[in-house]
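Examination of the molecular architecture
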Amino acid sequence: MEMNNNSSTWGRFLFLSIVFSIFFVDGQSQNLVNGKKIFETRCLVCHQADGGGVPNMNAPLDASTNVVGKDIARLVYIVKNGLNERVALDGMYYSNAMTANPDFTDQQIADVLSYVRTSWSNKASKVTLAQVQAANSKNKIKTKK
Amino acid sequence: MKKGLQILCLILAAFSIKAIAQENAGLKLPEGFKASLYANNIGSARHIAVTKAGVVFAKLNYPNKEGNAIIRLEDVNNDGVADKVNGWAKFGGTGIYVKGNSLYASSNEAIFKYELNNKDEVVNPQTPLTIVTGLINRRQHESKSITFDQQNNIYVNIGAYSNACQTSDRTPGSQGMMPCPILDSAGGIWKFDGNKQNQTYKDGKRYATGLRNVVGLDWNNQTNQLYVAQHGRDQLNSFYPNLYTDAQNAELPAETFYAINEGDNAGWPYVYYDPAQHKKIVSPEYGGDGQKEGSKDFKEPAVAFPAHMAPMGVLFYTGNQFPEKYKNGAFISFHGSWNRAPLPQEGFFVAFVPFKDGKATGEWEIFANGFAGVENGAKVTNTAKAKARPCGLAQGPDGSIYVSDDTKGAIFKISYSK
């Protein structure tokens, strides 16, 4: 009650929320906006708009243990190089071959992975540029041997 | 008071809509046809086969919860719902066929033969004979669908493990290989002897080639000819955005149905069929631009269906139960598309292809719809949301037909009465 009547508290609140939303749109969610665009043009056809994939054919990204998991390097590797292996993903096999994306910049990989890790029912952390760069050096070591 | 009545009416209306939806197991059928949910949740039921006594066998893509990949179903009390169900076999796969007192089933690499007793029970569930082995399985298009001619020869599809035979599969800018090396051992139909054991490529014969992936195939006993339905290539817009828009990709290429003669070449990967131009167009991986016509030597389809709907089963109807127009025509089940995205998906139905004097008229119509479980007129936008996806087709001894679904494992039985 007291707070509602206090105009300077209101002013401060408004100011803070404007600052916060500018920061949010510019800094935090811009990579989600970019990530969504990349997803729609390069991933949606197989993984579908709802991230549910296609049974037995294209793996789901929504509610996938790997997608929301800790192994960022593996996700970076898959987005770059595609995936065409007989591996069980959450107990199921998918027969299609995923397209490689050799043209993606590290920032684009961070953006699209941030989008898929925070979309639909996924609530994992976003992926930063630094994480992609770290993953690249890790993956290089792995693929060299 | 008035409001209460309105709400009551709404609730009642909702219930009656639900009741109507459940009639015919949720399917929409032509006048006079009825459907029952013959079985449900049996596992990913691919192709199905029915014996002369009406016992149904279903081949599962993977072993189900009980660890079985072949299921035997029987409707003992004859109410349209299977009441005696059991299973066996560890190998996932698609093909299943009853021939006399033999039951053939395929994994993604091999074909096995079981023996049936006079009650249509399998006598050797653990020790089938191996008829064919060593067929190529590189994940993509791995199903080995089978059918038979009247001389007990097996026709098996060996799908191409590729989209368009690019040097690097599904990679933007990668050219098509010339000649496509995949065609030596896949991308066609092979013929084997149904009685001989342990055959492999060298014992069989490449019967037809240039077929990217055939899942549905059947022998037309009226004309003594093989018919196959091909899954056309994907992703023209993803790899060639300058030549094809999303909307064009959603309609290209046609899913094609062919009357096959020995030695036929349907043209994959060099050409695809454009249903609007009625032409075989050179694939962009082989220098095509969406207009340039390919060789006339490639096989002309008997029927062209909308793109990406994924034909899964073909069944020539020889029964006497359905109206006369269905006799010797072909049913084709469509799994439903994914590659039409971002546009809405299509398919998820069973089509009927009328035949006249032993030839497809070129026309087709939707026979059974509603498998996906979306509200009237609505479209499926995300393929995984479809409730059921039609796959196998088989005809029962009374002339009813069965349709399997490989998502939850339903089998629908469709019958007709005047």
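These notes cover the structure that comes with them. From a predicted model like this one, the values you see are computed outputs, not experimental measurements. (Residues numbered from 1 in each chain as written. Chains lettered and ligands numbered in written order. Predicted model: local features only at pLDDT ≥ 70, side-chain atom pairs only at ≥ 80, totals over all residues. Heavy atoms only, no water.)

Digging into the sheet that holds strand E4 (residues 70-74) of chain B
All names here are of chain B. What counts here: Pairing between strands is defined by DSSP: at least two bridges between the two strands are required. In this description a helix means any DSSP run of H or I spanning at least four residues, a strand means any run of E spanning at least two, and both kinds are numbered starting from the N terminus. Only the stretch in contact is used when fitting a helix axis, every axis being a line fitted to C-alpha atoms; angles between N-to-C directions are given from 0 to 180 degrees.
Spatial strand order, E2-E3-E4-E5: four strands in an open sheet with antiparallel pairing. Each of the sheet's edge strands pairs with one partner strand only, and the pair in question is strand E2 (45-50) and strand E5 (84-88). Strand after strand, the sheet turns through a mean of 20° between neighbouring axes, direction not considered. In this structure, strand E3 (residues 56-60) lies alongside E4, joined through four bridges in antiparallel fashion. Bridge pairing in E4 places Ala58 opposite Ile71.

As for the interface of chain B and chain A
Operational definition: Here, two residues are considered to be in contact whenever any of their heavy atoms come within 4.5 Å of each other. Here the buried area means the combined drop in accessible surface, using a 1.4 Å probe, for two parts upon being joined, counting both sides. Salt bridge criterion: a side-chain nitrogen from Lys or Arg within 4 Å of a carboxyl oxygen from Asp or Glu. The term polar contact refers here to a pair of N or O atoms within 3.5 Å; inside protein, the definition further demands a hydrogen-donor-capable atom paired with an acceptor-capable atom, and it admits residues adjacent in sequence only when both atoms are side-chain atoms. Residue type decides the class: Asp, Glu, Lys and Arg count as charged, Ala, Val, Leu, Ile, Met, Phe, Trp, Tyr, Cys and Pro as nonpolar, and the leftover types, Gly among them, as polar.
Tallying the contact residues gives 23 residues for chain B and 23 residues for chain A. When chain B packs against chain A, close to 1,900 Å² is buried across both sides, 51% of that on carbon and sulfur atoms. For the interface between chain B and chain A, the tally reads one salt bridge. For the pair chain B and chain A, the interface holds 14 residue pairs in polar contact (both at pLDDT 80 or more). Considering only residue class, the side of chain B that touches chain A consists of seven nonpolar, ten polar and six charged.

With respect to the pattern of salt bridges
Defined as follows: Burial here depends on accessible area, computed with a 1.4 Å probe over protein chains only, as a share of the maximum for the residue type. Under 20% is buried, over 50% is exposed, and the range in between is partly exposed.
With the rule as written, the count across this model stands at 19 salt bridges over all chains. A salt bridge links Glu40 of chain A to Lys36 of chain A; the shortest N-O distance between them is 3.1 Å. Residue Glu40 of chain A and its partner Lys36 of chain A are located together in helix H3 (residues 30-42), separated by four residues, close to a single helical turn. Classification of Glu40 of chain A by relative accessible area gives partly exposed; the value is 39%. The partner of Arg233 of chain B in a salt bridge is Glu285 of chain B, with the nearest N and O atoms 2.8 Å apart. Here Arg233 of chain B is found in the loop between strand E15 (225-230) and helix H2 (236-239), whereas its partner Glu285 of chain B is found in the loop between strand E19 (279-282) and strand E20 (303-305), with 52 residues between them in sequence. Note on accessibility: Arg233 of chain B and Glu285 of chain B belong to one class, buried.

A closer look at the nonpolar core
Cut-off, in case you're wondering: By convention a nonpolar core is built from buried Ala, Val, Leu, Ile, Met, Phe, Trp, Tyr and Cys residues, the set being connected through side-chain atoms within 4.5 Å.
Counting residues in hydrophobic clusters, the biggest one holds 26 residues, and the most contacted among them are Tyr104, Ile111, Ile154, Val156, Cys180, Ile182 and Trp268 of chain B. For this core, the secondary structure elements donating two or more residues are strand E9 (129-132), strand E10 (146-148), strand E11 (153-158) and strand E12 (188-193) of chain B. Residue contributions to this core peak at three residues, all from E11 of chain B. Once you skip the residues sitting within four places of it in the chain, Ile182 of chain B turns out to touch Ala160, Tyr161, Ser162, Cys165 and Trp268 of chain B. Core analysis: the next-biggest nonpolar cluster, separate from the first, contains 22 residues, Ile72, Ala73, Val112 and Val132 of chain A among them.

A look at the pairing of strand E22 (residues 330-334) of chain B
All names here are of chain B. With five of five residues buried, E22 is to be regarded as a mostly interior element. Judged by which residues are buried, E22 turns out to be covered on both faces: Ala330, Ile332 and Phe334 on one side and Phe331 and Ser333 on the other are all buried. The pairing of E22 with strand E23 (residues 349-353) spans five bridges and is classified as antiparallel. Pairing of Ser333 across the sheet is with Val350, part of E23.

Some remarks on the side chain of Ser333 of chain B
Residues and elements named next belong to chain B. In this structure, Ser333 sits in strand E22. On the basis of relative accessibility, which here comes to 0%, the residue Ser333 falls in the buried class. A polar contact of 2.8 Å, which involves the side chain of Ser333, links it to the backbone nitrogen of Gly313. With residues near it in sequence (within four places) discarded, Ser333 still touches Ala310, Pro311, Met312, Gly313, Phe349, Val350, Pro390, Cys391 and Leu393.

Some points on the sheet that holds strand E17 (residues 264-265) of chain B
Residues and elements named next belong to chain B. Spatially, five strands are ordered E10-E11-E12-E13-E17 in an open sheet, and the strand pairing comes out mixed. Two strands close off the open sheet at either side, each with one partner strand: E10 and E17. Note: E10 against E11, three bridges, orientation antiparallel. Each residue of the ladder has a partner; that of Thr147, found in E11, is Tyr155.

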